[in-house]
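Listed below, chain by chain, are the residues.
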Amino acid sequence: MNANVAMIMAFLYKLLAVFKEYFKSVEEESVKDNFVLIYELLDEMMDNGYPQATEPKILKEFINQSEANVVVRPKAIPTAVTGQTPWRSEGIVHKKNEVFLDVIEFANCLISAQGTILHAEILGTIKMKSFLSGMPELKLGLNDKVLYEARGRRNAKTVDMEDVRFHQCVRHSRFESNRTISFIPPDGEFDFMTYRLDSKVRPLIWVECQIETHPTRIEYLVKAKSNFKRRSTANNVQISVPVPYDADSPKFKSSVGTVGYDTEASMMIWKIQSFPGQKQYIMRGHFGLPSIRDEEDASMDRALDVKFEIPYFTISGVQVRYLKITEKSGYKALPWVRYITRNGNYQIRLSKNQNKKKKIKNI
């Protein structure tokens, strides 16, 4: 019989997540210390080669470890294990019924020294925190391009999402037939869905680095510019610039933020706490070199690394249009939505000919 490789990989990732819920870090020592617990978990999570109960919160209802390192099981197994919703128990009650949605996008970008985008993609995750009583039915509406075109709304601002992956609570058949996202959520926090977009977008933060090399010193002029709208602000921006491995005697001067030198990584690190849209800042760095250097330096083979976080903003334009909550008791629930864009693998290459640029003034 041919094995389902995708199912095996998905189960292994889920198994790792369950282990982390139980004993935080999965290492050789933690596996040895929790051998009996792991044996019990595997016994419940897989039956005759098929995955069964894989939700950590449901598993914790009937598999726990006492202070004496003894696995404790209740007399009765929760109905969720054998029911239609193995990810949610019955009889859940909250004093305040709320749902929190975090739409988080990671910008992966590789940019040449000339400003050409060599690779760009957006990886999105929708995280949900559900504090709802009973067995609520939820319907989520996004500005999905396929759905809007099927309804004849071609002029609306939409997003064409690829590689969409949902939590098991979503009814996949409904989504495949009419793009409706309906589900009964687990209780608490979980990753609701992930998606990917191949999108050629302007770099959110563009960094230009001019380098001038001398026999006994090297000088840097770093210019950083934000390309997003003025009403948005990037927080905790960190620009890491590679310098020669044997550089010393650092001196810095910047128009904003603080600059430091990481000797272990041989990186000049410029930190800007708040970077508004359509702004440009400048930083200068000066290092001494212990000996005469060749024009071609190994540090030029490394790339600039940029880190940032932009709240209330998504680079793709994904929007939550609505979140409808229905429960037989008829209570009213409050949905909250937050948007965040963060750096993923965001790098800008250095030009090996930048030392031929115009002379940089000394600090």
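Residues numbered from 1 in each chain as written. Predicted model: local features only at pLDDT ≥ 70, side-chain atom pairs only at ≥ 80, totals over all residues. Heavy atoms only, no water.

A separate point is the overall build of the protein chain. For the protein chain, the helix and strand inventory stands at seven helices and 20 strands. Across the 363 residues in the protein chain, those meeting the buried criterion constitute 44%. Within the protein chain, residue pairs in contact and separated by at least 24 positions form 75% of the contacts whose partners lie at least 6 positions apart. Of the accessible surface of the protein chain, which amounts to about 20,600 Å², a share of 49% is contributed by carbon and sulfur atoms. (Helix = DSSP H or I, 4+ residues; strand = E, 2+ residues; numbered from the N terminus. Buried < 20%, exposed > 50% of the residue type's maximum accessible area, 1.4 Å probe, protein only. Contact = heavy atoms within 4.5 Å. Areas by Shrake-Rupley, 256 points an atom, 1.4 Å probe, with all protein chains shown as cover.)

This paragraph deals with unusual backbone geometry. For Asn48, which is not glycine, the phi dihedral falls at a positive 55 degrees. Residue position: Asn48 is located in the loop between strand 1 (46–47) and strand 2 (50–51). Even without glycine at this site, Arg179 takes up a positive phi of about 60 degrees. Along the chain, Arg179 turns up in the loop between helix 7 (172–178) and strand 9 (181–183).

What follows deals with a positive patch on the surface. A cluster of basic side chains, namely Lys139, Arg151, Arg153, Lys157, Arg174, Lys229, Arg231, Arg321 and Lys324, defines a positive patch on the protein surface. By the element assignment, Arg174 lies in helix 7. When its relative accessible area of 38% is taken as the criterion, Arg174 is described as partly exposed. (Patch = residues over 30% accessible without salt bridge, like charges linked within 9 Å, V, L, I, M, F, W, Y side chains within 5 Å. Salt bridge = Lys/Arg side-chain N within 4 Å of Asp/Glu carboxyl O. Lys, Arg positive; Asp, Glu negative; His and termini not counted. Charge placed at Lys NZ, Arg CZ, Asp CG, Glu CD.)

Moving on, we get to the sheet that holds strand 7 (residues 137–142). Taking strand neighbours across the sheet as the criterion, the three strands line up as 9-7-19 in an open arrangement whose pairing is antiparallel. The outermost strands of the open sheet, each flanked by one partner alone, are strand 9 and strand 19 (320–326). Mean inter-strand twist for the sheet, computed between neighbouring axes without regard to direction, equals 15 degrees. Here strand 7 pairs with strand 9 via three bridges, running antiparallel. Bridge pairing links Leu138 to Phe183 in strand 9. (Pairing = 2+ DSSP bridges. Axes fitted to C-alpha atoms, helices over the stretch in contact; angles between N-to-C directions.)

Within the secondary structure layout, Lys60 lies in the loop between helix 4 (56–59) and strand 3 (64–65). Assessed through its relative accessible area of 31%, Lys60 is described here as partly exposed. Not counting residues within four places of it along the chain, the set of residues in contact with Lys60 comprises Glu21 and Tyr22.

Right, let's talk about helix 3 (residues 35–45) for a bit. Along helix 3, the positions that sit buried rather than exposed are Leu37, Ile38, Leu41, Glu44 and Met45. One face of helix 3 carries all of its buried residues, which in axial projection span an arc of 130 degrees. Turned more than 90 degrees from where helix 3 packs its buried face, Phe35 and Tyr39 sit exposed. (Arc of directions from axis to C-beta.)

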